[in-house]
Amino acid sequence: MTPQDLPAERPVDRQPLLHIDILSVLPELLASPLSHSIMKRAQDKGLLTVGVHHLRQWAVNEYGQVDDYQYGGGAGMVMMCEPLARAIDSLQEQAAYDEIIYLTPDGSTLNQKTANSLSLKGRLLLICGHYKGIDQRIRDHYVTREISIGDYVLSGGELAAAVLVDAIGRLLPGVLNDETSALTDSFQDDLLAPPVYTRPVDFRGWKVPDILLSGDPKKVDEWRYEQALQRTAERRPDLMKE
Ligand code: ADE
């Protein structure tokens, strides 16, 4: 084999730290967020693997039906038990999941603590809802955790699932390098991140704070901590109370 024949990326042969399966009726929506930047790096390094599965594979008929009218009447379709149950059963045959997570606006709101704890798991299944949501019996009998990404309603769970995978994936050891380390992110210590500056020192007369140019790492750290405290007190006093 000549060097030109070698693949650009070395094939990854190690066991991933985390495997995430995602069940969706619109897998196209997930393709881009999962195949760029840090999520791409996590997968290229073999630290994270993601399997996106089209729920219609488990449809109840040849028309690909996965939803139906709701009992009791009312506008909006509900995602049926059968395709979801068969999909989950079939995926579970490979290996058990640590958590089966349903993305839904009535779930508990995602925060850094949840992302941190999910990043320690080995295998997750995410279910993306659509229309009026999924039949309650799937929530009762399969789902172990329900997560919302905020108090607003999206058209479906895919963008929420992409947010969750990103928030978790970047925390896996080895995904971020020192420069992008998650330890200095907002929320990791219940504080918002301090302001940051880069070149030039003077832009239109707007100057970088002198202390950042002092070359004294201790003073810089103290200044950053003060700024983080001040910013958190102003913008998110609730974090400080917690
Ligand atoms: N599906 C629709 N809206 C959502 C939200 N805010 N969070 C999670 N999943 C959702």
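**Some remarks on a nonpolar patch on the surface**
A cluster of nonpolar side chains, contributed by Leu26, Leu29, Tyr152, Leu154 and Leu159, occupies part of the molecular surface with about 420 Å² of accessible area. The residue Tyr152 is located in the loop between β7 (145–148) and α6 (158–169) in this model.

**Points about the layout of surface pockets**
Computed from the structure, the largest pocket encloses a volume of approximately 630 Å³. If you go around the largest pocket, you meet 34 residues; those closest to its centre are Val78, His130, Lys132, Gly133 and Ile134. When residues of the lining of the largest pocket are traced back to their parent elements, those giving at least two are β3 (67–69), β4 (77–79), β5 (99–109), α5 (136–141) and β7. In terms of residue count, the dominant contributor to the lining of the largest pocket is β5 (5 residues). Of the residues belonging to the lining of the largest pocket, the class tally is 17 nonpolar, 11 polar and 6 charged. By volume, the second largest pocket is sized at about 420 Å³. Per element, the largest residue contribution to the lining of the second largest pocket is 4 residues, and it comes from helix α4 (residues 112–118).

**A closer look at the environment of Ala87**
Following the sequence through the fold, Ala87 ends up in helix α3 (residues 81–92). Note: C-alpha distance between Ala87 and Trp58 (29 residues apart in sequence) is 6.0 Å. Apart from the residues within four sequence positions on either side, Ala87 is in contact with Leu23, Leu55 and Trp58.

**Considerations on the side chain of Asp185**
Mapped onto the fold, Asp185 is located in the loop between α6 and β8 (202–203). Within the structure, Asp185 has its side chain in polar contact with the side chain of Arg170 (distance 2.4 Å). If near-sequence neighbours (up to four positions away) are discounted, Asp185 is found in contact with Arg170 and Leu191.

The rules we used
- Residues numbered from 1 in each chain as written.
- Predicted model: local features only at pLDDT ≥ 70, side-chain atom pairs only at ≥ 80, totals over all residues.
- Heavy atoms only, no water.
- Patch = residues over 30% accessible without salt bridge, like charges linked within 9 Å, V, L, I, M, F, W, Y side chains within 5 Å.
- Areas by Shrake-Rupley, 256 points an atom, 1.4 Å probe, with all protein chains shown as cover.
- Salt bridge = Lys/Arg side-chain N within 4 Å of Asp/Glu carboxyl O.
- Helix = DSSP H or I, 4+ residues; strand = E, 2+ residues; numbered from the N terminus.
- 1 Å grid on protein atoms, 1.4 Å probe; cavity = no way out; pocket = protein on both sides within 12 Å on 5 of 7 lines; lining within 4 Å.
- Points joined across faces, edges and corners; volume = space filled by probe spheres on them.
- Nonpolar A, V, L, I, M, F, W, Y, C, P; charged D, E, K, R; others polar.
- Contact = heavy atoms within 4.5 Å.
- Polar contact = N/O pair within 3.5 Å; in protein donor to acceptor, adjacent residues only side chain to side chain.

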